[in-house]
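A structural walkthrough
Chain residues, written in single-letter form:
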Amino acid sequence: MKIEKKKLAIILGFLGLIPFYALTIFYFLSNFNDYIVEVYLFYSNIILAFICGTQWSKILNVNLPNSNLILTTSVTIPIIAFALDFFSNQNINMVFYIITFFAINLIDAKIFKETTNLWYLTLRKRLTFLVIISQVANLFAVNAYRFF
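Note that the structure is predicted; figures quoted are calculated from it, not measured. (Residues numbered from 1 in each chain as written. Predicted model: local features only at pLDDT ≥ 70, side-chain atom pairs only at ≥ 80, totals over all residues. Heavy atoms only, no water.)

Some remarks on the packing of aromatic side chains
In the structure shown here, the tally under the stated rule is twelve aromatic pairs. A ring pair is formed by Phe28 and Phe32, whose centres lie 5.8 Å apart and whose planes are at 70°; its orientation type is edge-to-face. Note on Phe82 and Phe86: the rings are 5.0 Å apart at their centroids and 75° apart in plane angle, and the pair reads as edge-to-face. One end of the pair is Phe82 and the other is Phe86, both in helix α4 (residues 67-87) and four residues apart, which spans about a single turn. A residue is classified by how much of its surface remains accessible, and Phe86, at 58% relative accessible area, is exposed. (Phe/Tyr/Trp six-rings, centres within 6.5 Å; stacked < 30°, edge-to-face > 60°. Helix = DSSP H or I, 4+ residues; strand = E, 2+ residues; numbered from the N terminus. Buried < 20%, exposed > 50% of the residue type's maximum accessible area, 1.4 Å probe, protein only.)

As C-alpha cells, then:
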C-alpha cells in the first residue's frame, strides 16, 4: 500500500515528537537523572539541524529578499546549538532551543508562504508548539528539582 507523501510527512512529524515527550517523562521517572536531559538536548539539536536543513532547498530555489542572510542563519543556528551543548549549562541550552524553535518557525513562515505549502506551515506550527511545550516542561523540571 502506497502512502501519500503529505500523509507520511504528517505521520513522521508527529512520530518525531515521541522522543521529546518520552525523555521528559523518563526524566521524572528517573529521579531527575541529568543524563536524560543531556540526551534530550542532543535530540533537540538533531531535530533543529534537520529543520534548518529542510529550509536549504527552498531558500536556494526561491527568490527571497535576504536569502543569503536566511541561508547563513539556517547554517549558523545548529552550529551555535552544538557549541552550547559543550560550553553552557542546561538552562541556557533549553532557553536557546525554545527561542530557536520559535524563530525557525518564523523563517519557515517566510519561505514556505505559497498556498501550496499551507498544510506544511500548519504542520510545522503545531509541531513547533508541541516541541516548545516539551522544552518548557523540561526547563521547569530541571529547575524545580534543584529546589527539592
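Things to note about the side chain of Arg124
Among the secondary structure elements, Arg124 is positioned in helix α6 (residues 118-145). Looking at Arg124, the relative accessible area reads 6%, which means it is buried. Every residue in contact with Arg124, bar those within four places of it in the chain, is listed here: Ile51, Ile104, Asn105 and Asp108. (Contact = heavy atoms within 4.5 Å.)

Things to note about helix α2 (residues 18-29)
A rise of 1.5 Å per residue sets the reference length of α2, with its twelve residues, at 16 Å; its end C-alpha atoms lie 16 Å apart and thus fit the reference within 8%. Along α2, the positions that sit buried rather than exposed are Phe20, Leu23, Thr24 and Tyr27. In a view along the axis of α2, the buried residues occupy a sector of 105°, so they form one face of it. At the exit of α2 stands Asn31, carrying a positive phi of roughly 65°. (Expected span 1.5 Å × (residues − 1). Arc of directions from axis to C-beta.)

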